[in-house]
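Here is how the chains run, residue by residue.
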Amino acid sequence: QGIPIPHGMVVRQPDSPDPALLWRDGTPLGAWATSAPFQGSLVHVVGSTGDPIEQLSLVYVVADEANIQHIESSQGGQITRLVDIPARAMIGGLTGIPGRATIAYATFEPSTDGSRLLSRVYLGEMADIAAAAPVLTVESGESRYVVPLAIHRAVDESPDGLWYAY
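Every value quoted in this text rests on a predicted model; they were computed, and no experiment measured them.

*Asks:* How should I be thinking about the environment of A63 in this particular structure?
*Replies:* Summarising the element assignment, A63 is placed in strand β5 (residues 57-63). Taking the C-alpha atoms as reference points, A63 and W163, 100 residues apart in sequence, are found 26 Å from one another. Look past the residues within four positions of A63 in its chain and what remains in contact with it is A36, I68 and Q69.

The structure is reproduced here in structure tokens:
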């Protein structure tokens, strides 16, 4: 399996709260609408960089007014909430298969007695990710949590594993 070379980057431009796609030489290719000011680095682009930006989906993490995190997608001006993260939990990572709608994300939260940190990693297609069961659960007494790094693919391009850091 080859290592894809990035064609562009998702950035927050100084004059806009929304994320924009820039070609690798810095040429702007367009922007996505988001439900809250775009903050960060937990993003995944679905589609080919040769497609118009209206046909590309951006999967991203956002926090609402109560600082509760959600995973959303934006395509062609339409914003869709994919996952609501429980109030006690935080998202520890988000990744995807380049260009495809297969994503993985991790959450972490304190145990009920506060003595341990519980990490869960979810893997699935963007449209079904809210119903996905955890593919990995780890409890840590040392305040460590799991961060998904990449989704491994079989020869037929189907996901068959997950690279992660702990």
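*Asks:* Quick question: what am I supposed to make of the pattern of salt bridges here?
*Replies:* A side chain with one charge may pair with a side chain of the opposite charge, provided their charged atoms come close. For the structure shown, the criterion picks out seven salt bridges. Note that E157 is salt-bridged to R100, the shortest N-O span being 4.0 Å. Of this pair, E157 sits in the loop between β12 (147-153) and β13 (159-165) while R100 sits in the loop between β8 (90-96) and β9 (102-110), and the two are 57 residues apart along the sequence. Measuring nitrogen to oxygen at the nearest pair gives 3.0 Å for the salt bridge that ties E139 to R116. Of this pair, E139 sits in strand β11 (residues 134-140) while R116 is found in the loop between β9 and β10 (117-125), placing the two residues 23 residues apart along the sequence. Assessed through its relative accessible area of 48%, E139 is described here as partly exposed. Taken together, the shared-partner salt bridges connect E72, R81 and D84 into one network.

*Asks:* Got a minute to help me understand unusual backbone geometry in this structure?
*Replies:* Most of the time, phi is negative for any residue but glycine, and the peptide bond is trans. At N67, a residue that is not glycine, the phi angle is positive and equals roughly 65°. Structurally, the position occupied by N67 is in the loop between β5 and β6 (69-75). Within the chain, E157 stands out as a residue other than glycine whose phi angle is a positive 75°.

*Asks:* Even after reading the chapter, I still don't get the nonpolar core, so can you show me in this structure?
*Replies:* Soluble globular proteins tend to bury their nonpolar side chains together. V59, I71, L82, V83, Y105 and I129 are the most contacted members of the largest nonpolar core, which totals 16 residues. Of all the secondary-structure elements, those providing two or more residues to this core are β5, β7 (78-84), β8 and β9. Once you skip the residues sitting within four places of it in the chain, I129 turns out to touch L82, V83, I103, Y105, Y122, L123 and G124. Grouped together as the second largest cluster of nonpolar side chains are ten residues, W32, A36, V45 and V62 included.

*Asks:* Help me out: how do you make sense of the pairing of β7 in this one?
*Replies:* Residues in a regular strand project their side chains so that they alternate between the two faces of the sheet. By the bridge criterion, six bridges tie β6 to β7 in an arrangement that is antiparallel. Each bridged residue has a counterpart across the sheet, and for E72 the counterpart in β7 is R81. Adjacent in sequence and paired antiparallel, β6 and β7 are bridged by two residues, among which G76 carries a positive phi angle near 55°.

What counts and how
- Residues numbered from 1 in each chain as written.
- Predicted model: local features only at pLDDT ≥ 70, side-chain atom pairs only at ≥ 80, totals over all residues.
- Heavy atoms only, no water.
- Helix = DSSP H or I, 4+ residues; strand = E, 2+ residues; numbered from the N terminus.
- Contact = heavy atoms within 4.5 Å.
- Salt bridge = Lys/Arg side-chain N within 4 Å of Asp/Glu carboxyl O.
- Buried < 20%, exposed > 50% of the residue type's maximum accessible area, 1.4 Å probe, protein only.
- Core = buried A, V, L, I, M, F, W, Y, C linked by side-chain atoms within 4.5 Å.
- Pairing = 2+ DSSP bridges.

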